[in-house]
Amino acid sequence: MSISLSSLILLPIWINMAQIQQGGPDEKEKTTALKDLLSRIDLDELMKKDEPPLDFPDTLEGFEYAFNEKGQLRHIKTGEPFVFNYREDLHRWNQKRYEALGEIITKYVYELLEKDCNLKKISIPVDATESEPKSFIYMSEDALTNPQKLMVLIHGSGVVRAGQWARRLIINEDLDSGTQIPFIKRAVDENGSPEEHAIYVWDHFIAQSAAENVFFVAHSYGGLAFVELMIQREADVKNKVTAVALTDSVHNVWHQEAGKTIREWMRENCCNWVSSSEPLDTSVESMLPDCPRVSAVFFQSGPSTGGPLQTLFAWISPAEAAEQQRLMSVLSSGSFVPEGYLPDASQSSPV
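Residues numbered from 1 in each chain as written. Predicted model: local features only at pLDDT ≥ 70, side-chain atom pairs only at ≥ 80, totals over all residues. Heavy atoms only, no water.

Chemist: Quick one: what's the story with the sheet that holds strand β8 (residues 283–284), residue by residue and with numbers?
Modeler: Sheet strands associate in pairs through backbone hydrogen bonding, adopting either a parallel or an antiparallel arrangement. An order of β5-β6-β7-β9-β8 is seen for the five strands of this open sheet, with the pairing classed as mixed. Since the sheet does not close on itself, it has two edges, and those belong to β5 (214–219) and β8, each with one partner. Relative to the sheet, helix α12 (residues 260–269) contacts β6 (241–247) and β7 (270–274), its axis offset from that of β7 by approximately 65 degrees. (Pairing = 2+ DSSP bridges. Helix = DSSP H or I, 4+ residues; strand = E, 2+ residues; numbered from the N terminus. Contact = heavy atoms within 4.5 Å. Axes fitted to C-alpha atoms, helices over the stretch in contact; angles between N-to-C directions.)

Chemist: Explain the pattern of salt bridges to me, and be specific about the residues and the numbers.
Modeler: Taken as a whole, this structure holds five salt bridges when the rule is applied. For the salt bridge of Glu141 with Lys120, the shortest nitrogen-to-oxygen distance reads 3.9 Å. Of this pair, Glu141 sits in the loop between β4 (135–139) and α6 (167–172) while Lys120 sits in strand β3 (residues 120–124), and the two are 21 residues apart along the sequence. Where Lys238 meets Glu234, a salt bridge forms, and the shortest distance between an N and an O atom there is 2.7 Å. Taken together, the residues span about one helical turn, with Lys238 and Glu234 both in helix α11 (residues 234–240) at a distance of four residues. On the accessibility criterion, Glu234 (22% relative accessible area) is partly exposed. (Salt bridge = Lys/Arg side-chain N within 4 Å of Asp/Glu carboxyl O. Buried < 20%, exposed > 50% of the residue type's maximum accessible area, 1.4 Å probe, protein only.)

Chemist: Can you lay out the side chain of Asn272 for me, pointing to particular residues and giving the numbers?
Modeler: Looking at the element boundaries, Asn272 is found in strand β7. One polar contact links the side chain of Asn272 to the main-chain amide nitrogen of Asp248, over a distance of 3.3 Å. If near-sequence neighbours (up to four positions away) are discounted, Asn272 is found in contact with Leu246, Thr247, Asp248, Ser249, His251, Cys291, Pro292, Arg293 and Val294. (Polar contact = N/O pair within 3.5 Å; in protein donor to acceptor, adjacent residues only side chain to side chain.)

Chemist: Which residues make up the nonpolar core, and what values do they have?
Modeler: By size, the foremost hydrophobic cluster in this structure holds 27 residues, and its most contacted members are Leu73, Leu101, Ile105 and Leu113. Where this core is concerned, the elements lending two or more residues are α4 (60–63), β1 (65–67), α5 (91–115), α6 and α8 (181–189). The element contributing the most residues to this core is α5, with 10 residues. Each residue touching Leu73, except ones within four places of it in the same chain, is listed here: Leu60, Tyr65, Ala66, Phe67, Glu80, Pro81, Phe82, Leu101, Ile105, Ile170 and Ile171. Ranked by size, the runner-up nonpolar core spans 20 residues in total, among them Val214, Phe226, Val241 and Val244. (Core = buried A, V, L, I, M, F, W, Y, C linked by side-chain atoms within 4.5 Å.)

Coordinates in, geometry out; function isn't part of it.
Take a look at the structure:
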């Protein structure tokens, strides 16, 4: 038997009205007896009557639910959304079942934060002793070192935990609606452009290295990022970089507004291997006045492990600028690798 909240609210009103309408001695005694009876009723015990044990599974699979590819919680057999009223007229039992499922979902979201979002779980207070109560937060690897942006997400109170906005939305709608994961992923995606990343790595690592001759191999959008690096750090790049091997680069010196001195440097120190049906290292016509383009035959998703890769390493391995000039000068003959300079991996060294 279940007693609704409205019944509990209306009951005293009915008793008061009975006292007013029928105020005789007998009725007063009945009313007093009724009050005494009600005071001795344990509503919790009443709701537990005929209630199944509160023994619930501890996994989503045990509940026979799973999140589909859209992040929606669905029954693994029927495909139906979560049903709260699993047992009719057992509101308390259904609520306990819902709460048990919620605890499992909390752990599931924690796993997503660590596996999908690459966040680290940090215990706080950081200097807590073994006997002190502890909590925890999640943060990205570069949360304390990124000089540009830091986004902080704070959830509400109640049953929601780290990574959640609303448990109800997770269960009844989907993960994107009820968790903080879309915010986290977007923050990661927008944590600086590839061009900004390249400049940061240059400033904090490459520029600080002891190497006198730096060689770049940049594929696709990486070529655009390198050109932007040159625009922002032209003098430094020219002083430290010896050669740049591009592969199917999507850079555009006009759109990126690269100056004349940059374009001239690229003509002498860069080469772009592009997908082509022409034989390997054959000169390919270019519409841009920057670096020469030669055939790499066909790249699948980057420099292959065959001829193109060997050619790249054979080209960038000599450190002397004079040797680079000699290699670049043969482009006009239609073959990129000069006679007597075989693209053999044994002649190159890793960079």
